[in-house]
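Listed here are the chains, written in short residue letters.
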Amino acid sequence: MTIRNVTIGDKFINTTHRKSKRVSTVVDFIETRSVLTGEVLDYEVVSEHEFMGQTLRATCSFNTVLRNKVN
């Protein structure tokens, strides 16, 4: 599944981490729909990364993923 040039499995440097820039992976998309019309209003990117043996999830923008994508 690809939305706005972002595909599940894409890796990017998550610059929101202050001390070390962690590599995050796109795992899903969240869609926001209108209650009245059912029309999709917006999408968000769900990413995850490893930290001290744990898998952490976060939401971020499409621009962040595209700008910091690892080739």
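Right above here is the structure, for reference.
Residues numbered from 1 in each chain as written. Predicted model: local features only at pLDDT ≥ 70, side-chain atom pairs only at ≥ 80, totals over all residues. Heavy atoms only, no water.

### Overview of the nonpolar core
Part 1: Residues Ile3, Val6, Phe12, Val26, Phe29, Val45, Cys60, Phe62 and Val65 constitute the largest nonpolar core, which totals nine residues.
Part 2: Those elements that provide at least two residues to this core are strand S4 (22–33) and helix H1 (62–67).
Part 3: Those residues in contact with Val65 that sit more than four places away from it in its chain are Val6, Phe12, Val26, Val45 and Cys60. (Core = buried A, V, L, I, M, F, W, Y, C linked by side-chain atoms within 4.5 Å. Buried < 20%, exposed > 50% of the residue type's maximum accessible area, 1.4 Å probe, protein only. Helix = DSSP H or I, 4+ residues; strand = E, 2+ residues; numbered from the N terminus. Contact = heavy atoms within 4.5 Å.)

### So, the pairing of strand S5 (residues 40–51)
On any regular strand, side chains alternate: one points to one face of the sheet, the next to the other face.
Part 1: Two elements, S4 and S5, share eight bridges in a ladder whose sense is antiparallel. Note on S5: the bridge partner recorded for Ile30 is Glu44.
Part 2: Where S4 hands over to S5, the hairpin turn is made up of six residues, of which Gly38 adopts a positive phi near 80 degrees.
Part 3: Bridge count for S5 against strand S6 (residues 54–60) is seven bridges, and the pairing is antiparallel. Considered in S6, the bridge of Glu48 is made with Arg57.
Part 4: Hairpin remark: S5 followed by S6, antiparallel, with two residues in the connecting loop; positive phi at Met52, about 50 degrees. (Pairing = 2+ DSSP bridges.)

### Things to note about the sheet that holds S5
Part 1: The strand order S3-S4-S5-S6 describes an open sheet built from four strands, whose pairing is antiparallel. Single-partner strands in this sheet number two, and they are strand S3 (11–14) and S6. Across the sheet, the mean angle separating the axes of adjacent strands is 45 degrees when strand polarity is ignored. (Axes fitted to C-alpha atoms, helices over the stretch in contact; angles between N-to-C directions.)

Nothing here speaks to function; it is all geometry.
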